Each structure stands twice: as structure tokens, then as C-alpha cells.
Amino acid sequence: MANLGVEAECEPLIGDHTSGSREWDIIETQENYKSRWRSIRILYLTMFLSSVGFSIVIMSIWPYLQKIDQSADASFLGWVIASFSLGQMVASPIFGLWSNYRPRKEPLIISIFISVAANCLYAYVHVPASHNKYYMLIARGLVGFGAGNVAVVRSYIAGATSLQERTSSMANTSTCQALGFILGPVFQTCFALIGEKGVTWDVIKLQINMYTAPVLLGAILGVLNIILILAVLREHRVDDSGQPYKSLNFGAANTEEVQISQGNIDQFAVVATNVLFFVVLFIFALFETILTPLTMDMFAWTQEQAVLYNGIILAALGVEAVVVFLGVKLLSKMVGERALLLGGLLVVWAGFFILLPWGNQFPKIQWKDLHNNSIPNTTFGEIMIGLWKSSREDHNKLPTGCPIEQAWCLYTPVIHMAQFFTSAVLIGMGYSACNVMSYTLYSKILGPEPQGIYMGWLTASGSGARILGPVFISHVYTYLGPRWAFGLVCGIVLLTVTLLGVVYRRLIAFSVRYGRVQESPS
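Bear in mind the structure is a predicted one, so any value in this text is a computation, not a measurement.

### Overview of the overall build of the protein
Now for step 1: The helix and strand tally for the protein stands at 19 helices and four strands.
Now for step 2: In the protein, which comprises 522 residues, the share counted as buried stands at 59%.
Now for step 3: Taking all contacts inside the protein whose residues are at least 6 apart in sequence as the whole, residues at least 24 apart take part in 83%.
Now for step 4: Carbon and sulfur atoms make up 67% of the accessible area of the protein, which totals about 21200 Å².

Below, the structure is given as C-alpha cells:
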């Protein structure tokens with residue numbers, strides 16, 4: 001499996017010279033080919049570090065927030081967590097537009113520098129005498145703003161690969177992103193050995209402890225990433241058949257490029273793909289959010305058990321995602337991207353359908369009043385708060401089960417363990433396939449023109465989904481229960497499948513649409 005990415009990168013740059021394809025008038029040299037792929041691999045690293053920046057502190061935000069500012073509550077925690085996605089949503093179109101008219105190095109370096117500065121600010125939020133929680137909010141928002149460079153990364157890769165290379169490259173990019181989300185909490189766990197006190201560098205008022213060490217590592221890696229971008233990254237653009245362009249994305253286009261890119265982008269397909277991508281991320285975000293309260297309610301797990309077991313489940317889903325990302329490279333050649341996207345949505349629907357409560361067995365009822373993450377209330381911060389309370393409470397004294405405050409606990413059948421695990425596997429598999437295929441199809445629909453602003457809007461739609469998904473599921477689950485919550489999700493997925501059916505024939509590559517390149521139908 002490890003050789004799949006290398007094999008895909010060594011594929012011919014163009015397909016057979018059929019009647020629908022153009023002959024080359026510019027030949028890519030071996031030196032240019034090697035430089036192009038070195039640049040793409042540097043951006044794989046950038047994508048990895050971007051996702052690590054989000055996940056490396058996610059498990060320690062709550063105790064650190066409580067330590068620096070006693071006035072912070074669960075509601076504010078929700079804002080701190082959401083600020084990353086809000087920052088990314090704002091920044092993605094800005095960096096994308098910037099990359100359309102200037103060398104991609106510029107927005108990449110500036111965005112990474114912002115992330116480095118934000119990580120340093122996070123390490124110093126304990127220093128001010130007051131309002132510390134707002135400094136943390138700003139720091140996490142700026143880290144998210146810097147992560148808006150995801151749009152630049154994907155637009156560069158889309159513009160530097162041919163149609164034959166595109167699916168493999170997008171899968172590699174998503175693999176690096178998934179690995180970042182998996183390894184971030186692992187790095188955090190390793191730094192936990194330093195302890196809360198750690199060591200203090202009095203001269204510069206720097207505390208190096210289990211809360212600040214991860215972001216300081218992120219800052220160091222960011223600096224190294226900037227150095228690699230300056231030293232290795234070069235501007236490369238090829239058309240859908242693999243032919244290099246004489247002019248790059250910034251500056252005025254020459255006559256040849258205008259002729260090559262003649263034709264209008266299918267804006268309806270563009271909007272539809274943004275909607276599809278939003279739904280895909282919306283669904284997985286709400287699934288991640290509901291894991292802890294669902295398992296505590298249905299299986300009577302304590303907070304400690306929920307944190308441990310769900311952490312293992314999410315790590316396993318991350319590994320599953322990497323396997324799926326590698327597998328779609330082969331499957332896309334056999335059935336095509338559109339069929340894989342449709343199949344992924346159907347698998348996700350099956351996962352949530354299986355998760356619906358059935359039968360006449362009911363969950364254990366928690367009769368005592370317990371305010372924990374089983375009752376999300378108004379923000380998903382109160383869902384997340386249980387992830388950090390476990391080490392501070394004696395769980396042997398806490399009641400477990402489905403809280404009586406949730407009236408649906410009295411009449412909703414229990415979700416069995418086999419249902420839950422089968423559903424998790426299917427949802428993880430379907431989401432991973434849909435994620436890669438959405439990006440791949442989107443980049444192909446846009447064609448040879450610079451894709452920065454379009455990728456910015458796609459990234460922004462995904463960030464919005466990660467904000468709205470937890471809010472939606474926390475309200476519906478709390479007040480109506482899993483039957484309504486997952487039933488509505490099944491309905492949303494079916495509507496999405498219907499939308500995909502409507503636009504299915506329009507989700508084709510720009511060059512295929514205008515007959516310049518032939519691609520296998522799917």
C-alpha cells in the first residue's frame with residue numbers, strides 16, 4: 001500500500017493521443033517534472049502541519065482555559081473551539097484570491113507566519129493580568145486564519161497535476177490531512193509527561209508545560225515549513241492533459257493560455273459541488289460531536305470511559321480514512337469519481353440508518369441530576385467539556401445512563417453496541433471517500449484556470465459545516481433524541497443523493513466537457 005502514492009506520481013503525464021486530445025507543443029523536461037513533484041510534496045507537508053495545528057491542543061484547551069481564567073465557562077469553550085473554523089472560513093477565500101494573482105509562496109508564507117505568531121500568543125496567554133480567555137480566543141482564531149492556506153494548497157495541486165494525476169494527488173493530500181488529525185492528540189499525550197508545572201524561562205516569561213509545549217512545537221515546525229517553501233517550492237502549472245503552461249497564474253495571461261482555457265466554467269456544477277461538500281463535512285462533524293453523549297447515554301459509560309473509548313474509536317476511524325484514501329486511487333480508475341461519491345453517500349446513509357433505535361429494550365435511566373456532556377444545552381462547548389472533566393472527578397460516585405431530564409430516554413429504544421460499531425465503520429468509510437471525491441471533482445470541473453478563489457469558497461463551506469453540524473446535532477439530540485436526530489440526518493443524505501443525481505452528468509472535467517481530453521465515463 002505504501003507504494004501506491006509513488007506509483008501514482010509516476011504515471012504518464014497525458015493519456016493516449018486520441019482524436020479528442022491535443023498534441024503537445026511544449027514538452028515537460030525531467031528536471032521540471034522532478035521540481036513539480038518536489039513542490040507538491042512540500043504542500044503535502046503543509047497540509048499535514050495545518051491539521052496538526054488544530055488537533056494538537058484540542059484535548060488540553062479546557063484545563064488550560066480554566067487555569068488561565070477562572071471566569072471561563074463551557075459556553076466560552078465552545079467559542080474557543082469554533083474560532084478555528086471561523087478564522088479558516090474567513091481566510092480561505094482571501095488567500096485563495098491572493099494566490100490567483102500573485103506567486104503562491106506569498107499567501108503560503110504569510111499564512112504560516114500568522115499561525116506561528118498565533119501559537120506563540122497561545123503560549124503567552126497566561127501573562128496578562130486579566131481577560132486571558134479572550135487572548136486564547138484570538139490565538140485560536142488566528143491559528144484558524146492561518147489554516148486558510150488549505151485553499152492555496154489544493155488550488156496549487158489542482159493546477160500542477162494532469163487529470164490522470166489529480167485523483168491520486170488529492171487522495172495523498174487528504175491522507176496527510178487525516179494523519180495530522182490522528183497524530184496531533186498523540187503529540188499532546190506525549191507532552192503530558194512534562195506536567196502542568198513544567199519549567200519557566202523567567203527572562204522571557206515563557207512557561208513550557210503540557211499546555212504550551214505542543215504549540216511551541218507547532219511554531220517551530222511552522223518556521224521549518226516556511227524555510228522549505230522558500231527553498232523548494234517553485235511555481236508549476238499544467239493543463240488537464242499535462243502540458244506545461246508558459247505563463248503562471250499571476251500576471252497577465254498570454255494569448256496561448258486564453259485560447260487553451262476558452263470556455264465557461266459550469267457554475268451550476270460548482271455550486272452543487274460546494275453544497276455536496278458542505279453536507280459531507282456537516283454530517284461527519286455532527287457524528288464526531290455526538291459520540292461522547294451518545295455512548296454515555298446508551299451504554300452507561302462514565303466520562304472517563306467515554307473519553308478513552310471514543311478516543312480509540314476516532315483514532316481507528318482516522319486509520320480507516322487513510323486506508324480509504326489509498327484505496328480510492330485504484331477504485332476511481334475502475335468506476336470513476338462520480339460513482340465513488342454516490343457510493344460514499346449511500347454508505348453514509350446506511351451507517352446512520354443502522355444507528356436508528358429499534359426494538360423494545362430501553363437504555364439505563366440516570367435518575368440523579370447530573371450536568372455533564374450528556375446534556376449539550378445551547379452550545380457544543382458543553383458537549384466537549386466532558387472530555388476534560390474525567391481526571392478531576394471520582395467516577396465511581398457519579399450516576400451513569402440516560403439522564404431523566406431528556407424525556408426521550410423513557411420511550412426511545414437503546415442503540416446496541418453492534419449497531420454503533422457497524423455504523424461508525426460505515427460512516428467513516430463513506431465520509432472519507434466523499435471527502436476526496438468532492439475535492440477531485442471540484443478541481444476537474446474548474447479546469448485550467450487558477451482555482452484559488454474557488455478552492456477558498458469550498459474550504460469556507462467546509463469550515464461553516466464544522467461550525468453548524470455540532471450546533472444542529474446538540475439541539476436535536478438533546479430535545480428530540482437519537483431517533484429524530486439520525487432520522488433527519490438520513491433525510492439530509494437522501495436529499496443530497498437526489499441533488500447528486502440531478503447534477504451527475506454535469507460533474508465532468510472542464511477539458512472533457514469541451515472535448516479536449518477524453519476520460520473514461522463513470
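### Here's the deal with the nonpolar core
Now for step 1: In terms of nonpolar packing, the biggest core is built from 129 residues, with Met-136, Phe-287, Leu-294, Phe-352 and Phe-486 touching the most fellow members.
Now for step 2: If one sorts the elements of this core by residue count, helix α11 (residues 267–299) sits on top with 19 residues.
Now for step 3: Formed jointly, this core draws a minimum of three residues from each of two domains, domain 1 (31–244) and domain 2 (264–366 + 400–521).
Now for step 4: Setting aside residues up to four positions removed in sequence, Phe-352 forms contacts with Ile-283, Leu-286, Phe-287, Ser-423, Ile-427, Phe-486, Val-489 and Cys-490.

### What to know about the state of the cysteines
Now for step 1: One pass over the full model with this rule turns up one disulfide.
Now for step 2: The side chain of Cys-402 participates in a disulfide bridge whose partner is Cys-409; the two sulfur atoms lie 1.8 Å from each other. Between Cys-402 and Cys-409, the disulfide has an S-S torsion of -60° and is therefore left-handed. The burial state of Cys-402 is the same as that of Cys-409; both residues are buried.

### Describing helix α9 (residues 213–232)
Now for step 1: Here α9 is 20 residues long and its end C-alpha atoms lie 28 Å apart, about the 28 Å a rise of 1.5 Å per residue gives.
Now for step 2: Every buried residue belonging to α9 is among Ala-213, Pro-214, Val-215, Leu-216, Ala-219, Gly-222, Asn-225, Ile-226 and Ile-229, and all of these are buried.
Now for step 3: Where the residues of α9 are buried, they touch α2 (30–55), α5 (105–123), α8 (163–191) and β2 (206–208).

Analysis parameters
Residues numbered from 1 in each chain as written. Predicted model: local features only at pLDDT ≥ 70, side-chain atom pairs only at ≥ 80, totals over all residues. Heavy atoms only, no water. Helix = DSSP H or I, 4+ residues; strand = E, 2+ residues; numbered from the N terminus. Buried < 20%, exposed > 50% of the residue type's maximum accessible area, 1.4 Å probe, protein only. Contact = heavy atoms within 4.5 Å. Areas by Shrake-Rupley, 256 points an atom, 1.4 Å probe, with all protein chains shown as cover. Core = buried A, V, L, I, M, F, W, Y, C linked by side-chain atoms within 4.5 Å. Domains from an automatic or database assignment. Disulfide = S-S within 2.5 Å. Expected span 1.5 Å × (residues − 1).

Fair warning: the whole summary comes from geometry, so function is off the table for now.
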